[in-house]
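Working through the structure, step by step
Here's the letter readout for the chains.
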Amino acid sequence: MKFKTRAIHIGSEPDAQTGAVIPPIYMTSTFEQDAPGQTRGYDYTRAGNPNFTRLEELLASLEEGKFATVCSSGLGALSAMAAMLNPGDSVIALKGLYGGTYRFFKNTPISFHVIDVEQIDEYLEQKPAWLLFETPTNPLLDIYDIRKLCSKAKSAGTLTIIDNTFATPCFQNPLNLGADIVWHSTTKYIGGHSDVVGGALVTNDTNLDEAFKFNRMSIGVNPSPFDAWLTMRGLKTLGLRMEHHQRNAMAISEFLASHPLVGKIYYPGLKAHPGHEVASAQMTGYSGMVSVEFNLSLEDTLRLIKNFKLFTLAESLGGVESLVNHPATMTHASIPDKERMEMGISDGLVRFSVGIEDPEDLINDINTQLEKLSMVKAAPS
Ligand SMILES: *Cc1c(COP(=O)(O)O)cnc(C)c1O
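Residues numbered from 1 in each chain as written. Predicted model: local features only at pLDDT ≥ 70, side-chain atom pairs only at ≥ 80, totals over all residues. Heavy atoms only, no water.

**Some words on the overall build of the protein chain**
On a plain count of helices and strands, the protein chain comes out with 14 helices and 12 strands. By principal-axis analysis of the C-alpha atoms, the protein chain measures approximately 85 × 55 × 35 Å. Each of the 381 residues in the protein chain was classed as buried or not, and the buried ones make up 52%. Long-range contacts, defined here as pairs at least 24 residues apart, represent 70% of the contacts in the protein chain between residues at least 6 apart. Taking the 32 positively charged and 43 negatively charged side chains of the protein chain as two groups, their mean positions are separated by 1 Å. (Helix = DSSP H or I, 4+ residues; strand = E, 2+ residues; numbered from the N terminus. Buried < 20%, exposed > 50% of the residue type's maximum accessible area, 1.4 Å probe, protein only. Contact = heavy atoms within 4.5 Å. Lys, Arg positive; Asp, Glu negative; His and termini not counted. Charge placed at Lys NZ, Arg CZ, Asp CG, Glu CD.)

Dropping the structure here:
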């Protein structure tokens, strides 16, 4: 079965007892036992629930993996995974990491290094427990070669974990390229409607899967059955939504690429993007995130993004509605100015999570606000 068919049917068989086409939400904390210790598959919702099982079947299928574990959030999933590490273990991550991932490791006794991809061989010599990265990265949408990096890590005995939140299983399946674990914040494109927080881990390794489920239960990072149900509802349209996110992101990138107020544009779907070739080889689409460096001062950049009518100023991404974010003052505000500039996160950098509205309206909104700003700038003071 192809992707959109799996998205509708896997894990969504009608309810055996009543025939309900949409399976019910099992809002129960506990389950009746037929005799002490004799369950019908579930005993307590922190350990498991039919809504988790259905969503896990679907996520595993969409990632072309064998097993999935759903958790309370992306970071909840990271906690369930990181509980496998031992004090003294080291983790290397590639630049362009979600801020919360960085903060998580900085608060653990794990030795954690964020490195340039050019340093990978040197760091793998120390045989770290994990190599962790995102591709495309946040917020500059760099592309890393998954197959190449996984193969290097494997030779060192290092597990590779890929945060696939930006690409989604619709456009990229890292397990097929050699990754050991695919990690998702299902809060973003997978849920897709900005109404539920969740996370997931997908793997082909039965020992890893057992460890994730044990850790979820023992730490308590399970989702609610309702959240699992909502996530499943969102997933059914992932394929349709991603096609539109991508179409709109491409249209906006092409419009902005020739705009005089734009310095740089970061979208892996553009031929001029340095990662375009690798992206085209390992992805089937380029997703809906676009970052733009405007030739504007901090003040003018903030004025521009506050005035958009259709792009809501907010953190997060991947919902049906368009959002805009200013990394320098929002997601990356805690990084000292000099370091932030060196990372390429200038005052004029703006990140768009392009929604699935009609593209003409989105472009019109951006164009109108840019024109207003040009007029203000041109007016004699
Ligand atoms: C949001 C996000 C996370 C964290 O997920 P939560 O669901 O917010 O806990 C991790 N990685 C990426 C790339 C994200 O965008």
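Next comes the rest of the account.
**Notes on the nonpolar core**
Formed by 32 residues in total, the largest nonpolar core has its most connected members in Leu-55, Leu-59, Leu-235 and Leu-238. Within the residue set of this core, elements represented by two or more residues are helix 1 (3-9), helix 2 (50-62), strand 1 (67-71), helix 7 (168-171), strand 7 (199-203), helix 9 (225-235) and helix 10 (238-257). Top element by residues in this core is helix 2. It accounts for 6 residues. A domain split of this core shows at least three residues from each of domain 1 (3-235) and domain 2 (238-378). Sequence-distant contacts of Leu-238, that is, excluding residues within four places in its chain, are made with Phe-3, Thr-168, Pro-169, Cys-170, Tyr-189 and Ile-190. (Core = buried A, V, L, I, M, F, W, Y, C linked by side-chain atoms within 4.5 Å. Domains from an automatic or database assignment.)

**As for helix 6 (residues 146-155)**
If you check which residues of helix 6 are buried, you get Ile-146, Leu-149, Cys-150 and Ala-153. Looking straight down helix 6, one finds that the buried residues subtend no more than 100 degrees of arc, so they occupy a single side. Along helix 6, the residues that are exposed and aim more than 90 degrees away from the buried face are Arg-147, Lys-148 and Ser-155. Elements that come into contact with the buried residues of helix 6 comprise strand 2 (90-94), helix 5 (120-124), strand 4 (130-134), strand 5 (159-163) and helix 11 (276-282). Within two residues after helix 6, Gly-157 carries a phi angle of roughly 75 degrees, on the positive side. (Arc of directions from axis to C-beta.)

**Considerations on the sheet that holds strand 4**
Overall, mixed pairing links the 7 strands, which are arranged 1-7-6-5-4-2-3 in an open sheet. The open sheet is flanked by strand 1 and strand 3 (111-115), the only strands paired with a single partner. When the angles between neighbouring strand axes are averaged without regard to direction, this sheet yields 20 degrees. Strands in contact with helix 3 (residues 74-82) are strand 1, strand 4, strand 5, strand 6 (181-185) and strand 7; relative to strand 6, the strand with the most contacts, it is inclined by about 150 degrees. Here helix 8 (residues 206-220) sits on the sheet and contacts strand 1, strand 5, strand 6 and strand 7; the angle it forms with strand 1, its principal contact strand, is near 20 degrees. (Pairing = 2+ DSSP bridges. Axes fitted to C-alpha atoms, helices over the stretch in contact; angles between N-to-C directions.)

**A look at the site of the ligand**
Neighbouring residues of the ligand: Ser-73, Gly-74, Leu-75, Tyr-98, Glu-134, Asp-163, Thr-165, Ser-185, Thr-187, Lys-188, Gly-198 and Leu-317. Between the ligand and Gly-74 there is a distance of 2.9 Å, counted from an oxygen atom to a backbone nitrogen or oxygen. In the environment of the ligand, an oxygen atom lies 2.9 Å from a nitrogen or oxygen atom belonging to the backbone of Leu-75. The protein chains hide 92% of the 380 Å² of surface that the ligand would expose on its own. Looking at the shell around the ligand, its residues break down into 3 nonpolar, 6 polar and 3 charged. (Near = heavy atom within 4 Å. Polar contact = N/O pair within 3.5 Å; in protein donor to acceptor, adjacent residues only side chain to side chain. Areas by Shrake-Rupley, 256 points an atom, 1.4 Å probe, with all protein chains shown as cover. Nonpolar A, V, L, I, M, F, W, Y, C, P; charged D, E, K, R; others polar.)

**Overview of the sheet that holds strand 9 (residues 289-294)**
In space, the 5 strands of this open sheet follow the order 8-9-12-11-10, with mixed pairing throughout. Of all strands in the sheet, those bounded by a partner on one side alone are strand 8 (262-266) and strand 10 (312-313). Sheet topology places strand 10 next to strand 11 (residues 323-325); 2 bridges connect them, and they run parallel. The residue bridging Thr-312 from the neighbouring strand is Leu-323, located in strand 11.

**Some details on unusual backbone geometry**
Of note, the bond from Thr-135 into Pro-136 is cis; its omega dihedral lies within 30 degrees of zero at 0 degrees. Along the chain, Pro-136 turns up in the loop between strand 4 and helix 6. Here the amide bond leading from Asn-138 into Pro-139 is cis, since omega sits at 0 degrees, within 30 degrees of zero. Of note, Pro-139 is situated in the loop between strand 4 and helix 6.

**Describing the domain arrangement of the protein chain**
Taken domain by domain, the protein chain holds domain 1 (3-235) and domain 2 (238-378). Between domain 1 and domain 2, the C-alpha centre-to-centre distance is 27 Å. Each partner contributes to the interface: domain 1 provides 31 residues, whereas domain 2 provides 37 residues. Roughly 2,800 Å² is buried in total at the junction of domain 1 and domain 2, and carbon and sulfur atoms are behind 64% of that figure. Three residues stand out in domain 1 for area buried against domain 2, namely Leu-140, Phe-171 and Tyr-189, and they jointly supply 30% of the buried area on that side. Taken together, the links from domain 1 to domain 2 amount to 1 salt bridge. (Buried area = accessible area lost by both parts, 1.4 Å probe. Salt bridge = Lys/Arg side-chain N within 4 Å of Asp/Glu carboxyl O.)

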